[in-house]
Amino acid sequence: MKIIPTALAGAVEIQIDPISDERGFFARTWCSQTFQQHGLPSEFVQTSVCHNKLAGTLRGMHFQRSPSTEGKLIRCEHGKVLDVVIDCRPSSNTFCQHISIELDSQQFNALYVPPGFAHGYQTLTDNAVMHYMMTDVFSPELAGGFRYNDPAFAINWPLPVSQIAGRDSQYADFDAVLCQQLFNEEN
Ligand SMILES: Cc1cn([C@H]2C[C@H](O)[C@@H](COP(=O)(O)OP(=O)(O)O[C@H]3O[C@H](C)C(=O)[C@H](O)[C@H]3O)O2)c(=O)[nH]c1=O
């Protein structure tokens, strides 16, 4: 595996090192020891899968606020998505900044998103399937979100939105003070 830092400390792309032969290839996608050596999670407590019917579907920007310690390893298992994460950590030098990365089932790449981030994606193909591995259990009472088209982030989504949950298009405008309260590690 190659672990590639991004502009947001702690968020890293994981690329595979395929071992090929005439049948195809074999590649490691996660290893507790390798992850631990890179300061990444050595264990996960929940995994999930998500199917999206149409290209242009937008899910996000979702977070689990403090005291959740949810980090997630995300991979596209069918099709391709533009994945976006926003740094919501009050003490971070990149607070409120975001990165975008294509997760492509044909590239087998993944993204690790640490606690303190909002996450979302837009599907670039029909029938895009996402796989998640989480470091903390899902807590509905700690779930929240920012609007995908909030001018505070100016995220450049590649396609017109074809499908989006009502909740996701109605989040209030971003409020940095509220965000710092939501993600205050002392909560
Ligand atoms: C996330 C999650 C959801 N659920 C239940 C709650 C709902 O009854 C149903 C659909 O949930 P939701 O509409 O929140 O699913 P998404 O819109 O895909 O949300 C996810 O999409 C963004 C992009 C993410 O990064 C998060 O993983 C997650 O927020 O599954 C669970 O039971 N466990 C879970 O971990």
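Along each chain, numbering runs from 1 in the same order as the chain's sequence is written. Given that this is a predicted model, residues contribute local features only at a pLDDT of at least 70 and side-chain atom pairs are listed and counted only at 80 or more, while totals for whole chains, interfaces and linings are drawn from all residues. Side-chain descriptors were evaluated using all non-hydrogen atoms of the structure, hydrogens and water having been removed beforehand.

Where an unreviewed UniProt entry is consulted, the chain appears under the name dTDP-4-dehydrorhamnose 3,5-epimerase, with the organism given as Neptunicella marina. Check the Catalytic activity (unreviewed entry) section of the UniProt entry for the chain; it says "dTDP-4-dehydro-6-deoxy-alpha-D-glucose = dTDP-4-dehydro-beta-L-rhamnose". UniProt positions are given in the numbering used here, feature names are shortened, and annotations may be inferred rather than shown by experiment. Checking UniProt for the chain, the heading Function (unreviewed entry) contains the comment "Catalyzes the epimerization of the C3' and C5'positions of dTDP-6-deoxy-D-xylo-4-hexulose, forming dTDP-6-deoxy-L-lyxo-4-hexulose."

1. What to know about empty space enclosed by the protein
Note on definitions: the grid is 1 Å and covers protein atoms alone; a cavity is a set of points where a 1.4 Å probe fits but cannot get out; a pocket is an open set with protein on both sides within 12 Å along at least five of seven lines; lining residues have an atom within 4 Å of a point. Grid points are joined across faces, edges and corners, and a volume is the space filled by probe spheres set on the points. Summed over all chains, the structure comprises one cavity of 30 Å³ or more. Taken as a whole, the largest cavity spans an internal volume of roughly 60 Å³. Around the largest cavity sit His62, Phe63, Gln64, Glu70, Lys72, Val113, Pro114, Pro115, Gly116 and Phe117, which together line it. Sort the elements by how many residues they give to the lining of the largest cavity and strand 6 (residues 58-64) lands first, with three residues. Residues are sorted three ways: Asp, Glu, Lys and Arg are charged, Ala, Val, Leu, Ile, Met, Phe, Trp, Tyr, Cys and Pro are nonpolar, and all the rest, Gly among them, are polar. Split into classes, the residues belonging to the lining of the largest cavity amount to five nonpolar, three polar and two charged. Each helix corresponds to a stretch of at least 4 residues labelled H or I by DSSP, and each strand to a stretch of at least 2 residues labelled E; elements are numbered beginning at the N terminus.

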